[in-house]
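Residues per chain, in single letters:
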Amino acid sequence: MAKVHVFDHPLIQHKLTFIRKADTGTKEFRELVDEVSTLMAFEITRELPLTEINIQTPVCEATSKVLAGKKLGVVPILRAGIGMVEGILKLIPAAKVGHVGLYRDPETLKPVEYYVKLPSDVSEREFIVVDPMLATGGTAIEAINSLKKRGAVNIKFMCLVAAPEGVELLTKEHPDVDVYIAALDEKLNDKGYIVPGLGDAGDRLFGTK
Ligand SMILES: O=P(O)(O)OC[C@H]1O[C@H](OP(=O)(O)OP(=O)(O)O)[C@H](O)[C@@H]1O
Ligand SMILES: O=c1cc[nH]c(=O)[nH]1
Ligand SMILES: [Mg+2]
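- By the naming in an unreviewed UniProt entry, the protein is Uracil phosphoribosyltransferase, taken from Sporosarcina newyorkensis.
- In its Sequence similarities (unreviewed entry) section, the UniProt record describing the protein reads: "Belongs to the UPRTase family."

If you want it as structure tokens, here you go:
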């Protein structure tokens, strides 16, 4: 069964408030999404394996811990997921970056795939699929289907704001995928937007309508 982690760290919650505010402009919105993504990456990497190496400190020889070199991949769901990539790479710069392009049809709310590019060693990597919004869940489910179809076996999903409907469907469809959320909101409205949410994440990141 998938685990659902809601990050209640005060810095994440504080920054998210300003991301949500309608009068936050594109520049500040993008910077805040970047910062929250770094903070979430700090939490999500908590269980990365370590190994010990021998080093010389100015005082003596010692054994000390370094990352064991697990192969990681970050996969933003285009477009809005792009806003989270740099923030994550600040902490795990060696991760490879794949892309899955999906948009949600505004009438049917069904996801439409238009692009996929993943690292070649898909089955050996641990992937973090990122998108600021998990609304109906259709997009995240399709993105993960796309990765699994190409051989991915180790996947986490990370988003800023989720609706309960999306979390329920995603964890039902992909029980092996743990979900990491900055805030679990109240519901979806009749247009499929998260309430209270933050509006259209892609439009707010890139200044489009
Ligand atoms: O959970 P769902 O109901 O599927 O909705 C969530 C999706 O909708 C938004 O993308 P959008 O279609 O606006 O594309 P964009 O990133 O290009 O703006 C958002 O960034 C998610 O990808
Ligand atoms: O609230 C929502 C729902 C889907 N996509 C968004 O960008 N925002
Ligand atoms: Mg959008």
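### Section: the pattern of salt bridges
No. 1: Applying the stated criterion across every chain yields a total of 14 salt bridges.
No. 2: Of the charged contacts in the structure, one is a salt bridge between Arg20 and Asp185, with a shortest N-O distance of 2.7 Å. Taken together, the positions of Arg20 in helix H1 (residues 10-20) and Asp185 in the loop between strand S11 (178-184) and strand S12 (187-188) put the pair 165 residues apart, joining distant regions of the chain.
No. 3: In this structure Arg20 comes out as partly exposed when scored by relative accessible area, which is 23%.
No. 4: Where Glu126 meets Lys70, a salt bridge forms, and the shortest distance between an N and an O atom there is 3.4 Å. Taken together, the positions of Glu126 in strand S8 (residues 126-130) and Lys70 in the loop between strand S3 (61-67) and strand S4 (72-78) put the pair 56 residues apart, joining distant regions of the chain.
No. 5: A relative accessible area of 10% places Glu126 in the buried class.

### Structural notes on the site of ligand 2
No. 1: Ligand 2 sits among Arg104, Met133, Ala135, Gly192, Tyr193, Ile194, Gly199, Asp200 and Ala201.
No. 2: Ala201 is positioned such that a nitrogen or oxygen atom in its backbone is 2.9 Å from an oxygen atom of ligand 2.
No. 3: Surface burial for ligand 2 is 88%, taken as the share of its 240 Å² of free accessible area covered by protein chains.
No. 4: A molecule is said to occupy a pocket when more than half its atoms come within 2 Å of that pocket's grid points, and by this definition ligand 2 occupies the largest pocket.
No. 5: Residue classes in the shell around ligand 2 are distributed as 5 nonpolar, 2 polar and 2 charged.

### Brief notes about the site of ligand 1
No. 1: Surrounding ligand 1, one finds 15 residues, the nearest of these being Arg104, Asp131, Thr136, Gly137 and Thr139.
No. 2: Between ligand 1 and Ala80 there is a distance of 3.0 Å, counted from an oxygen atom to a backbone nitrogen or oxygen.
No. 3: Contacts to ligand 1 include Ala135, whose backbone N or O atom sits 2.9 Å from an oxygen atom.
No. 4: Coverage of ligand 1 by the protein amounts to 91% of the 500 Å² it exposes when considered alone.
No. 5: Counting atoms within 2 Å of the grid points, the majority share of ligand 1 lands in the largest pocket.
No. 6: Elements with a minimum of two residues in the shell around ligand 1: strand S6 (99-104), strand S9 (133-134) and helix H4 (138-149).
No. 7: Among the residues making up the shell around ligand 1, the classes are represented as 6 nonpolar, 5 polar and 4 charged.

Rules and cut-offs
Residues numbered from 1 in each chain as written. Chains lettered and ligands numbered in written order. Predicted model: local features only at pLDDT ≥ 70, side-chain atom pairs only at ≥ 80, totals over all residues. Heavy atoms only, no water. UniProt positions renumbered as here; feature names shortened; annotations may be inferred. Salt bridge = Lys/Arg side-chain N within 4 Å of Asp/Glu carboxyl O. Helix = DSSP H or I, 4+ residues; strand = E, 2+ residues; numbered from the N terminus. Buried < 20%, exposed > 50% of the residue type's maximum accessible area, 1.4 Å probe, protein only. Near = heavy atom within 4 Å. Polar contact = N/O pair within 3.5 Å; in protein donor to acceptor, adjacent residues only side chain to side chain. Areas by Shrake-Rupley, 256 points an atom, 1.4 Å probe, with all protein chains shown as cover. 1 Å grid on protein atoms, 1.4 Å probe; cavity = no way out; pocket = protein on both sides within 12 Å on 5 of 7 lines; lining within 4 Å. Sits in = over half its atoms within 2 Å of the grid points. Nonpolar A, V, L, I, M, F, W, Y, C, P; charged D, E, K, R; others polar.

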